Amino acid sequence: MTKVSIEVNVNGRTRHATVPPRMLLSDFIRHELSLPGTHVGCEHGVCGSCNVVVDGRAVRSCLMFAVQAEGAEITTVEGLAQGDDLHPIQQAFWEEHGLQCGFCTPGMLATAQELLAQNPDPSDDEIREAISGNLCRCTGYEFIISAIRSAAAKLRERESETTLQPV
Amino acid sequence: MKPSAFQYERPNDLHAALGLLASGDDTQILAGGQSLVPMMNYRLAQPARLVDINQLSELNYIREDGDVIAIGALARHAAIKSSPLILEHLPIMAEAYDWIAHAAVRNRGTLCGNLCHADAASEMPAIMQILEADLVLSKVGSSRTVPARDFFIGIYETVITADEMLTEVRIPKPLPGTGWGFEEVAMRRGDYAWCTIVATLQIEDGKITAPRIAMAGVETSAARLTAAEDAIVCQTPGAALFVQVADAAAQAADPADSATGNAAYKRDLVRALLPRVLNVAVSRAG
Ligand SMILES: Cc1cc2nc3c(=O)[nH]c(=O)nc-3n(C[C@H](O)[C@H](O)[C@H](O)COP(=O)(O)OP(=O)(O)OC[C@H]3O[C@@H](n4cnc5c(N)ncnc54)[C@H](O)[C@@H]3O)c2cc1C
Ligand code: FES
Ligand code: FES
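Residues numbered from 1 in each chain as written. Chains lettered and ligands numbered in written order. Predicted model: local features only at pLDDT ≥ 70, side-chain atom pairs only at ≥ 80, totals over all residues. Heavy atoms only, no water.

Colleague: Could you give me a rundown of the overall build of chain A, with the residues and numbers involved?
Modeller: On a plain count of helices and strands, chain A comes out with five helices and five strands. Its C-alpha atoms give chain A a radius of gyration of 16 Å, within 12% of the compact-globule value 15 Å for 167 residues. Seen through its C-alpha atoms, chain A measures out along the principal axes to roughly 55 × 45 × 25 Å. Across chain A, every contact between residues at least 6 apart in sequence was considered, and the portion connecting residues at least 24 apart equals 57%. (Helix = DSSP H or I, 4+ residues; strand = E, 2+ residues; numbered from the N terminus. Rg over C-alpha atoms; globule rule 2.2 N^0.38 Å. Contact = heavy atoms within 4.5 Å.)

Written out as structure tokens, the structure is:
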């Protein structure tokens, strides 16, 4: 079938590609852009390991076609750290043991990123609700909840440091 | 698995989209993709052509139109769930959305796609029937309005034809004082319902008026429980009445044994949930 040209911004870089319509966004990110941090578990929307942030919202990349990402801004797990400095959410997952095998982690991070952008101080119930669409087979979730709670505090602190300049 | 190959169309306005639906066989609309793409990944669906309606920003609205709340084909679950208009006039929808999928799925999925998909265990088909919503089906040159009660035929089956698009859902604002209830049992919140029961009603001079009750997840499609409605109308609400009505509804239900429970278990769910829904609705009415 006719291939389609697309232009997408991924992790701050503009990427051009020509893709067959049936190519899933998850496969485009992993195979065409060589960003294998986005994981694929079930490929039918259930596990959340393929979640990425598209135009500010966490979405299942296995349930979008790459052609639909035309003009979109996408953040994958590779776009979080600044050089060697982990993003505060990643730092919190590390400190709080929010991962073991790491398979679910990129999707959890995308979900947490959207949650904390919308709700800087979520309750534990809100965190549970937010990650209810992300399956983890290792951690038992409690450490992930602690990690997101800690990430929220780090981000709030960073925010107050940047807004309250010393006089 | 991966979806099979298809031709991709991305019209920029409704007129062009309807034109594409009118021409060519084996075409499907791609809305949020949260039901269609899983089916394509499983190869349960292999459409030859997809018409992606995500550019039709003219259909991305939730608005007040006199006594009606109108929701366009591109309004996503997440936008509806948090809409001030919905929270004010149709809080039952906002509550139901806590039980429908997860945030990332609700970010893409649409109400109209959900209704057209017509999963037997989907909540909104039941809710649209008690709210007496009208569904506007458009095709090139004409449109028709179908009451939600007449829209659903069976599992994944509705009255919509291949050249039509569900462009708008029109939900009358419930009268002031309308009480409502929503109860569901599912494996986990966000999973499809094993049994959902929903109701709205009013209380006048201590008696129930205008009761509307519907059920999903039990039979092949969501449906109104008219016998239960008839049994409680003009009656004084009370535990004994509700238990009796729930027994009758459980007997009358025609559940199939399925992966989500055998028929006897589904009947138990109807028996347990119906009185709860009615009690909550009565407590909210006034
Ligand atoms: C993990 C997961 C959990 C879920 N849990 C639930 C749940 O608990 N309850 C529930 O109800 N749903 C659930 N869903 C499904 C979700 O609500 C979907 O968003 C919805 O069923 C389909 O909407 P869509 O916009 O994604 O439609 P699509 O997937 O794009 O389309 C679905 C079907 O409708 C047709 N269609 C779409 N829009 C129109 C239109 N405007 N006119 C005519 N035809 C149209 C398409 O051609 C297709 O056949 C879940 C999905 C996932 C992935
Ligand atoms: S791989 Fe996309 S949700 Fe599981
Ligand atoms: S850390 Fe292994 S699946 Fe979550």
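Let's pick the thread back up.
Colleague: I'd like a rundown of the sheet that holds strand β11 (residues 179-186) of chain B, residues and numbers included.
Modeller: Residues and elements named next belong to chain B. Taken together, the four strands give an open sheet; going across it, the order is β11-β12-β13-β14, and neighbouring strands pair in antiparallel fashion. Single-partner strands in this sheet number two, and they are β11 and β14 (223-224). By the bridge criterion, eight bridges tie strand β12 (residues 193-204) to strand β13 (residues 207-216) in an arrangement that is antiparallel. Note that in β13 the partner of A199 across the bridge is I213. (Pairing = 2+ DSSP bridges.)

Colleague: Break down the domain arrangement of chain A for me, with residues and values.
Modeller: All names here are of chain A. Split by domain assignment, chain A resolves into domain 1 (4-79) and domain 2 (88-163). The C-alpha centroid of domain 2 is placed 21 Å from the C-alpha centroid of domain 1. Residue-level contacts link 17 residues of domain 1 with 15 residues of domain 2. Taking both partners together, domain 1 and domain 2 bury about 1100 Å²; carbon and sulfur atoms supply 54% of that area. Counting across the domain 1 and domain 2 interface gives one salt bridge. (Domains from an automatic or database assignment. Buried area = accessible area lost by both parts, 1.4 Å probe. Salt bridge = Lys/Arg side-chain N within 4 Å of Asp/Glu carboxyl O.)

Colleague: Give me the site of ligand 1: which residues, what numbers.
Modeller: Every one of the 32 residues lining ligand 1 counts as a neighbour, but B:I29, B:S35, B:L36, B:T110 and B:S122 are closest to it. More than one chain lines the surroundings of ligand 1; the residues nearby belong to chains A and B. Contact between ligand 1 and B:I29: an oxygen atom at 2.6 Å from a main-chain N or O atom of the residue. Here B:Q34 contributes a backbone N or O atom positioned 2.8 Å from an oxygen atom of ligand 1. Relative to its unbound accessible area of 970 Å², ligand 1 is 94% covered by the protein chains. At the level of secondary structure, the elements contributing two or more residues to the shell around ligand 1 comprise β2 (27-30), α7 (111-117) and β10 (165-172) of chain B. Residues of the shell around ligand 1, tallied by class, amount to 16 nonpolar, 14 polar and two charged. (Near = heavy atom within 4 Å. Polar contact = N/O pair within 3.5 Å; in protein donor to acceptor, adjacent residues only side chain to side chain. Areas by Shrake-Rupley, 256 points an atom, 1.4 Å probe, with all protein chains shown as cover. Nonpolar A, V, L, I, M, F, W, Y, C, P; charged D, E, K, R; others polar.)

Colleague: So what's going on with the packing of helix α11 (residues 239-252) of chain B against helix α12 (residues 263-284) of chain B? Which residues, and what values?
Modeller: Residue and element names in this part refer to chain B. Relative to each other, α11 and α12 sit at 140°, their axes nearing to 8 Å. Between α11 and α12, the angle is such that the two are oblique. In this structure, α11 crosses over α12, and the sense of that crossing is right-handed. Across the interface between the two elements, F242, V245, A246, D247, A249, A250 and Q251 of α11 pack against R267, V270, R271, L274, P275, L278, N279 and V282 of α12. (Axes fitted to C-alpha atoms, helices over the stretch in contact; angles between N-to-C directions. Parallel < 35°, antiparallel > 145°, perpendicular 65-115°, else oblique. Left-handed = near helix turned anticlockwise from the far one by under 90°.)

Colleague: Provide a residue-level description of the packing of aromatic side chains, including the pertinent values.
Modeller: Residue and element names in this part refer to chain B. With the rule as written, the count across this model stands at four aromatic pairs over all chains. Centre to centre, the rings of W99 and F182 are 6.3 Å apart; their planes meet at 45°, and the pair counts as tilted. One end of the pair, W99, is in the loop between α5 (91-97) and α6 (103-106); the other, F182, is in strand β11, and 83 residues separate them in sequence. No difference in accessibility class separates W99 from F182, as the two residues are buried. (Phe/Tyr/Trp six-rings, centres within 6.5 Å; stacked < 30°, edge-to-face > 60°. Buried < 20%, exposed > 50% of the residue type's maximum accessible area, 1.4 Å probe, protein only.)

Colleague: Got a sec to walk through the sheet that holds strand β7 (residues 142-147) of chain B? Specific residues and values, please.
Modeller: All names here are of chain B. In space, the five strands of this open sheet follow the order β4-β5-β10-β6-β7, with antiparallel pairing throughout. The open sheet has two edge strands, β4 (62-65) and β7, and neither has a second partner. Across the sheet, the axes of successive neighbouring strands diverge by a mean angle of 25°, strand direction being ignored. Pairing analysis gives five bridges linking strand β6 (residues 134-139) to β10, with the strands arranged antiparallel. Looking at the pairing, D134 lines up with R170 of β10. Helix α1 (residues 14-22) contacts β6 and β10 of the sheet and is inclined by roughly 120° relative to β10.

Colleague: Residues and numbers for the side chain of B:E9, please.
Modeller: All names here are of chain B. When you line up the elements, E9 lands in strand β1 (residues 7-9). Although E9 lies buried, it forms no salt bridge, and the closest oppositely charged side chain, R49, sits 4.0 Å away as judged by the N-O distance. Here Q7 takes part through its side chain, which lies 2.8 Å from a polar atom of the side chain of E9. (Lys, Arg positive; Asp, Glu negative; His and termini not counted.)

Colleague: Kindly report on the environment of B:H89, identifying the contributing residues and their values.
Modeller: Residue and element names in this part refer to chain B. For H89, the position within the fold is in helix α4 (residues 84-89). Judged by relative accessible area, which is 18%, H89 ranks as buried. Residues H89 and S138, spaced 49 residues apart in sequence, show a C-alpha to C-alpha distance of 26 Å. Setting aside anything within four residues of it in sequence, one finds H89 in contact with E64, I69, K173 and P174.

Colleague: Before we move on, can you summarise the pattern of salt bridges with the specific residues and values?
Modeller: All names here are of chain B. For the structure shown, the criterion picks out 22 salt bridges over all chains. Between E132 and R224 there is a salt bridge, with the nearest N and O atoms lying 3.0 Å from each other. Of this pair, E132 sits in the loop between α8 (124-130) and β6 while R224 is found in strand β14, placing the two residues 92 residues apart along the sequence. When its relative accessible area of 11% is taken as the criterion, R224 is described as buried. D247 is the partner of R271 in a salt bridge, and the nearest nitrogen-oxygen pair spans 2.8 Å. A residue pair is termed long-range when its members are at least 10 positions apart, and R271 in helix α12 and D247 in helix α11 qualify at 24 residues. Its relative accessible area of 30% is what places R271 among the partly exposed residues. Owing to a relative accessible area of 32%, D247 belongs among the partly exposed residues under this scheme.

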